[in-house]
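In case you want the letters, here they are:
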Amino acid sequence: MARATRLRAGLLLSAGALALSGCINTGALDWDLRQGAGDTSNAALQATAAAPQPDANGIISYPDYQMATARRGETVASMAGRLGMNPEELARTNALRATDPLREGEMLLLPKRVAASPQPAVIGGTGPASGGGIDITSIATTALDSAAPAKPAAGTSPAASKPISGQPLTHRVARGETAFTIARTYNVSAKALADWNQLGPDMAVREGQTLIIPIATAPAPNPEPVPTPPGVGSPTPEPPSAKKPLPDEKTEPAGTKPKGTPPSPDLGAAKSTPSKMAMPASGKIIRGYDPKKNQGIDIAAPAGSPVVAAEAGTVTVISSDTTGKGIVIIRHAGDLLTVYVGVTGMTVKKGDAVKRGQAIGKVAAGDPAFVHFEVRNTSKQSFDPVGYLQ
């Protein structure tokens, strides 16, 4: 009896071990929990750049912000002391207390810039980050390089960084969000999000935490079906002319209408709808479209003047940079997106349906004050907005 019991227990343990080994097979692990009904795993298959590497002082530097990685045993206060900044200010920026302990490798957003190590951080594995002052026109660069979600998740928090080309956006975690929902919002894999932010094994994030959004490099190639050569697998049909000539065709003189033909409609009487977009701000273009340097146009306009939707659509992104200048992205019919940068006093929220010419905010103050405007498709390809404007 005892021997049979031991044998039975051994079989159960073996079966459990086999099941566990199958679960931890990394090749089959679904990082985004998207298997089964409603599978959207293809949305996170696009490749991302290599995760940024901190310098010798644990700092990751970008033109518009810096992140610091915690050392073993550090608290918010001890990290602040190491970096020479106010502990309360560092804690407040990251929704923490100065006495809170930090996990080794945990990344905090710095409230102000600190001196970088002689070995600068690498941006997305492509080269050293640029330092020094930021040209005001840098805000007028690619606004969707790494974040233009086609279907943003509910509760997305504003990004904390300017849309600067080559610089990843940041995301401030809102209540109820997880690493998986944030990754799905920005169309990246949860594993890439974890690697870029050195998340723990449990992928836990906390409310108020700032995350770096991985930079997407290229979508995963979709294998195209190989066309079957003509005639393979089926006999080539013999043309009709090979057996007998076609019958004579009865023709009628030109201008003769067949009996029963309805009158042609008067196309001139029909009202036409405008096919081009409305100007998002009342002003002149001070910087034109350049596919490499400025993937949109800059429209100079008085601060406080209205910014309007160029076309009817749905607001998909409401964001802002560290200076408070707002970013609005509207999705339109035909998979088009319009991007508005430099907006303040926004009067719309994410998910709102807007009409053509409807005010979405006001032009933010600046020297000069301007609105950066882009036209893109959902594949993030940019177009010259001038060709879409009246």
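Preceding block: the structure.
The structure presented is a predicted model; accordingly, all values stated were derived computationally and were not measured.

## Quick look at the overall build of the protein
Secondary structure summary: the protein contains five helices and 17 strands in total. The proportion of buried residues among the 390 residues of the protein is 41%.

## Thoughts on the pattern of salt bridges
Taken as a whole and judged by the stated rule, the model has 10 salt bridges. Residues Asp100 and Arg97 are paired through a salt bridge, measuring 3.2 Å at the closest nitrogen-oxygen approach. A relative accessible area of 13% places Asp100 in the buried class. Residue classification places Arg97 among the exposed residues on the basis of a relative accessible area of 57%. Arg206 is the salt-bridge partner of Glu106, the closest N and O atoms lying 3.8 Å from each other. Here Glu106, found in the loop between helix H3 (87-93) and strand S4 (107-109), pairs with Arg206, found in the loop between helix H5 (190-197) and strand S6 (210-212); they are 100 residues apart in sequence, far enough to count as distant. Owing to a relative accessible area of 12%, Glu106 belongs among the buried residues under this scheme.

## Digging into H5
For H5, a buried count of six out of eight residues is recorded, marking the element as mostly surrounded by other parts of the structure. Listed as buried for H5 are Ala190, Ala192, Leu193, Ala194, Trp196 and Asn197. Looking at the buried side of H5, the elements it contacts are strand S1 (47-48), S4, helix H4 (179-185) and S6.

## Comments concerning the environment of Lys380
As for its position among the elements, Lys380 is in the loop between strand S16 (370-377) and strand S17 (382-383). Residue classification places Lys380 among the buried residues on the basis of a relative accessible area of 19%. For the pair formed by Lys380 and Leu336, sequence separation is 44 residues and the distance between their alpha carbons is 9.4 Å.

## Digging into the packing of aromatic side chains
Evaluated as defined, the whole model comprises three aromatic pairs. Judged by centre distance (6.2 Å) and plane angle (50 degrees), the rings of Phe383 and Tyr388 are tilted. What makes Tyr388 partly exposed here is its relative accessible area of 26%.

## Let's talk about helix H2 (residues 76-83)
Among all positions in H2, only Val76, Met79, Ala80 and Leu83 are buried. Viewed end-on, H2 has its buried residues packed into an arc of 100 degrees, placing them on one side of the element. Close packing links the buried residues of H2 with strand S2 (59-61), strand S3 (66-69), H3 and S4.

## Concerning unusual backbone geometry
Pro368 follows Asp367 through a cis peptide bond whose omega is 5 degrees. You can see Pro368 is positioned in the loop between strand S15 (359-363) and S16. Positive phi, close to 60 degrees, is recorded for Asp335, a residue that is not glycine. In this structure, Asp335 sits in the loop between strand S12 (326-332) and strand S13 (336-344).

## Examining the sheet that holds S2
Taken in spatial order, the three strands make up an open sheet running S2-S3-S4, and their pairing is antiparallel. Looking at strand neighbours, the two that pair on one side only are S2 and S4, the edges of this open sheet. Sheet twist, expressed as the mean angle between neighbouring strand axes with direction ignored, is 25 degrees. Here S3 runs beside S4; their pairing, made up of three bridges, is antiparallel. Bridge pairing links Met67 to Leu109 in S4. The strands touched by H2 are S2, S3 and S4; relative to S3, the strand with the most contacts, the crossing angle is about 120 degrees.

Rules and cut-offs
Counting starts from 1 at the beginning of each chain's written sequence and moves along it residue by residue. Local features in this predicted model are restricted to residues whose pLDDT is 70 or higher, and side-chain atom pairs enter the listing and the counts only when it is 80 or higher, whereas totals over whole chains, interfaces and linings include all residues. Heavy atoms from the whole structure form the basis of all side-chain values; hydrogens and water molecules are not counted. Elements are defined by DSSP. Helices are runs of H or I of four residues or more, strands are runs of E of two residues or more, and each kind is numbered from the N terminus. Residue burial is assigned from relative accessible area. The probe radius is 1.4 Å, only protein chains are included, and a residue is buried under 20% of its type maximum, exposed over 50%, and partly exposed in between. Should a side-chain nitrogen of Lys or Arg be within 4 Å of a carboxyl oxygen of Asp or Glu, the pair is scored as a salt bridge. By definition in these notes, contact holds between two residues if any of their heavy atoms fall within 4.5 Å. Two aromatic rings from Phe, Tyr or Trp, using only the six-membered ring of Trp, form a pair when their centres are within 6.5 Å; if the ring planes differ by under 30 degrees the pair is stacked, by over 60 it is edge-to-face, and anything between is tilted. Within this analysis, the arc is defined by the directions that extend from the helix axis to the C-beta atoms. Any two strands with at least two DSSP-identified bridges between them are counted as paired. Angles here are taken between N-to-C directions and fall from 0 to 180 degrees, while the axes themselves are lines fitted to C-alpha atoms, restricted in helices to the stretch in contact.

Just distances and angles here, no functional claims.
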